Structure formats: structure tokens, C-alpha cells
Amino acid sequence: MSWFESLILGLVQGLTEFLPVSSSAHLRLTAAFADWKDPGAAFTAITQIGTEAAVLIYFRKDIGRIISAWARSLTDKSLRSDPDARMGWLVIVGSIPIGVLGVTLKDQIEGPFRDLRITATMLIVMGIVLGVADRLAARDESGGKHRAPKQRKALEDLGVRDGLIYGVCQAMALIPGVSRSGATISGGLFMGYKREAAARYSFLLAIPAVLASGLFELKDATEGGHVSWGPTIFATIIAFVVGYAVIAWFMKFISTKSFMPFVYYRIALGILIIALVSMGALSPHAAESAG
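Because the structure is predicted, anything quoted here is derived from the model rather than measured.

Enquirer: For this particular structure, what's the right way to read the environment of Met 191?
Expert: Structurally, the position occupied by Met 191 is in the loop between α9 (180–190) and α10 (195–224). Once the C-alpha coordinates of Met 191 and Lys 153 are considered, the two residues, 38 residues apart in sequence, prove to be 8.4 Å apart.

Here it is as C-alpha cells:
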């Protein structure tokens with residue numbers, strides 16, 4: 001992998017990780033459109049450490065409170081009803097599905113799931129799902145001619161059942177094209193949560209899953225020696241800087257705006273990929289992963 005490729009891929013990772021458009025799909029597509037080798041699942045997982053570092057810093061006050069309250073609740077039962085302590089447990093509960101499926105489906109994630117036809121299909125299908133969820137949320141918030149606005153749930157209303165459902169939604173993002181934030185936010189909206197609440201829990205839930213995946217791939221890459229460390233570290237730093245700016249923008253955006261621009265983008269991109277693959281202008285299969 002060249003330094004220029006790592007610059008572009010780091011920018012793409014930072015720009016798309018927190019938006020409901022699938023960062024893994026965009027890394028795969030950027031390489032395909034530029035006629036580069038597929039950066040591979042290992043590169044994706046390692047650069048995600050950079051974007052998750054951005055999450056840790058942006059939500060540092062929330063995370064600090066959650067970790068402190070959760071740790072104290074281990075020995076003090078009276079603290080287990082504290083919202084921050086409960087959130088710590090719910091992040092753990094919500095991380096179980098992706099942890100189990102990530103290990104079970106490792107070979108598929110690094111192979112068949114990277115087929116562009118699957119990516120395009122997931123972009124379209126999950127785009128429609130996000131669109132429906134967004135419309136439901138908008139209807140509740142605005143009410144109607146004969147219906148009063150409906151109060152949607154906040155993070156304080158989150159329980160074990162909803163946490164597990166969020167976790168299952170997050171696990172779907174193991175398939176490129178689904179989008180971790182898109183799937184979890186859609187799940188949250190369908191369950192009746194506010195946009196900001198769904199996004200905030202989505203970001204918090206991603207921390208253990210993404211860091212574990214990145215460290216797991218880091219270990220394999222170190223032992224296997226098949227990663228270009230200089231460009232990969234450079235891309236990770238770029239992803240961190242850009243990702244931090246995107247989080248700040250996205251949290252402000254969703255407080256007043258609809259997700260529909262992302263829905264239209266996903267569907268249009270998915271249709272374009274299917275058309276290019278059908279015409280033979282784009283190979284559905286990944287080129288040999290970049291080293």
C-alpha cells in the first residue's frame with residue numbers, strides 16, 4: 001500500500017465510520033474504483049481504532065462517569081440502579097452478539113462477505129430500513145392532523161431487552177454495506193428512541209466491539225507480518241482526526257435534521273454498483289488484499 005492510498009483510505013474511514021453509510025463498504029469501493037488492491041478486513045479493523053479513539057475523546061466525560069459508576073457497582077449493590085452503572089452493564093450486554101458472531105464468521109467476513117454484489121444489496125436494503133425508521137420517528141415527533149406528537153424514549157429508558165436488540169443490529173454490520181451506525185440507529189428508532197439517544201448509544205456500544213476487533217486483527221497482523229505498518233498507522237491517524245470532526249458535526253445534524261439524505265445516497269450508490277458490476281465495468285470480487 002502506498003502513502004497516497006493510505007491517505008485517501010484514512011480520509012474515507014474517518015468520513016464514513018459514524019455516518020449511516022457503511023465505512024467498510026466505502027473502503028472496499030474506494031479501492032475498487034481506484035483499481036487498488038482491496039485494503040482487507042485487517043486494515044479496516046486497525047484503522048477503526050483511530051475512529052474509536054475519536055469517540056473516546058469526544059464522549060470522554062460520559063465514558064468516565066459510566067466506567068466509574070459501573071466499577072463501583074461491582075461492590076456496592078445500591079449503585080446498580082444508577083443510570084451510568086446501568087449503561088456500563090448495557091454496553092457489555094449489547095456487545096455480546098457481535099463478539100460471538102465476529103469470531104464465528106471471521107472467514108466469511110474476510111472472504112465472501114466482501115463481494116460487491118452483497119455490499120450493494122445491503123446498501124439498498126438497509127437504506128430502505130433506515131428510511132422507514134426515520135419516517136416513523138418524524139411522525140412521532142411532529143404528530144399529525146388528528147394525532148398529538150408522541151414522546152419517544154431516552155437512554156434512561158434502555159433495558160436489557162433493548163440493549164440486546166441494539167447488539168443484534170450492530171452485529172449485522174459485520175457485512176460490508178450494512179453500516180454499524182445505520183443498523184443500530186435504525187433499530188433504536190424502530191424501538192421508539194429519540195434520534196440523539198439512538199446515535200449516542202450506537203457510538204458507546206461500538207467502543208468495545210471495534211477496539212476488540214482492531215486489537216485482534218493487530219495481533220494477527222503482527223504475527224503474520226502482512227501489513228504495511230507505516231501507511232496503516234498513517235491512515236489510522238488521519239481517520240482519528242477526521243472522525244472526531246465528523247462526530248461533532250453528526251451529533252448536531254441529527255438533532256434537527258432527517259436521515260433521508262443518507263437513505264437516498266445509499267440507494268443510489270447501491271444501484272450504481274449493481275449496474276457497473278452487471279456491465280462488467282467493476283469486478284464483484286476483491287483483488288488480492290494490499291499488504
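Enquirer: I would appreciate a short explanation of empty space enclosed by the protein in the present structure.
Expert: To locate leftover empty space, one rolls a probe as large as a water molecule over the atoms. Across all of its chains, the model carries one cavity of 30 Å³ or more by this definition. Computed from the structure, the largest cavity encloses a volume of approximately 40 Å³. In terms of lining residues, the largest cavity is bounded by Glu 17, Phe 18, Glu 52, Arg 180, Ser 181, Ser 202, Phe 203 and Ala 206. Contributions of two or more residues to the lining of the largest cavity are made by α9 and α10. The dominant element in the lining of the largest cavity, judged by the number of residues it contributes, is α10, at three residues. A breakdown of the residues in the lining of the largest cavity according to their chemical character gives three nonpolar, two polar and three charged.

Enquirer: I keep staring at a nonpolar patch on the surface and nothing clicks. Help me out?
Expert: On the surface, Trp 229, Ile 233, Ile 237 and Val 241 cluster together to form a nonpolar patch covering roughly 370 Å² of accessible area. By the element assignment, Trp 229 lies in helix α11 (residues 229–256). In this structure Trp 229 comes out as partly exposed when scored by relative accessible area, which is 32%.

Enquirer: Any chance you could explain the packing of helix α7 (residues 116–142) against helix α12 (residues 260–278) here in plain terms?
Expert: A packed helix pair is summarised by two numbers, namely the angle formed by the two axes and the spacing between the axes. In contact at an axis separation of 8 Å, α7 and α12 are set at 160° when each is read in the N-to-C sense. Relative to α12, α7 is oriented roughly antiparallel. Every pair of crossing elements has a handedness; the one defined by α7 and α12 is left-handed. When grouped by side-chain class, the residues that make up the contact of α7 with α12 number 17 nonpolar, three polar and four charged.

Enquirer: Hey, could you run me through the UniProt feature "transmembrane region" (unreviewed entry) in the protein chain in this one?
Expert: The sites that carry the UniProt feature "transmembrane region" (unreviewed entry) are, in the present numbering, residues 40–59, 87–105, 117–137, 198–216, 228–251 and 263–282. Helix makes up 95% of residues 87–105 and strand makes up 0%, while its end C-alpha atoms are separated by 28 Å. Between the end C-alpha atoms of residues 228–251 the distance is 34 Å, and the span holds 96% helix and 0% strand.

Enquirer: Got a minute to help me understand α7 in this structure?
Expert: The end-to-end C-alpha distance of α7, which contains 27 residues, comes to 38 Å, matching closely the 39 Å that a straight helix rising 1.5 Å per residue would cover. Between a side-chain oxygen at the N-terminus of α7 and the backbone nitrogen of Arg 117 the separation is 2.8 Å; the capping residue is Asp 115. Two residues or fewer after α7 comes Gly 143, characterised by a positive phi angle close to 75°.

Calculation notes
Residues numbered from 1 in each chain as written. Predicted model: local features only at pLDDT ≥ 70, side-chain atom pairs only at ≥ 80, totals over all residues. Heavy atoms only, no water. Helix = DSSP H or I, 4+ residues; strand = E, 2+ residues; numbered from the N terminus. 1 Å grid on protein atoms, 1.4 Å probe; cavity = no way out; pocket = protein on both sides within 12 Å on 5 of 7 lines; lining within 4 Å. Points joined across faces, edges and corners; volume = space filled by probe spheres on them. Nonpolar A, V, L, I, M, F, W, Y, C, P; charged D, E, K, R; others polar. Patch = residues over 30% accessible without salt bridge, like charges linked within 9 Å, V, L, I, M, F, W, Y side chains within 5 Å. Areas by Shrake-Rupley, 256 points an atom, 1.4 Å probe, with all protein chains shown as cover. Salt bridge = Lys/Arg side-chain N within 4 Å of Asp/Glu carboxyl O. Buried < 20%, exposed > 50% of the residue type's maximum accessible area, 1.4 Å probe, protein only. Axes fitted to C-alpha atoms, helices over the stretch in contact; angles between N-to-C directions. Parallel < 35°, antiparallel > 145°, perpendicular 65-115°, else oblique. Left-handed = near helix turned anticlockwise from the far one by under 90°. UniProt positions renumbered as here; feature names shortened; annotations may be inferred. Expected span 1.5 Å × (residues − 1). Polar contact = N/O pair within 3.5 Å; in protein donor to acceptor, adjacent residues only side chain to side chain.

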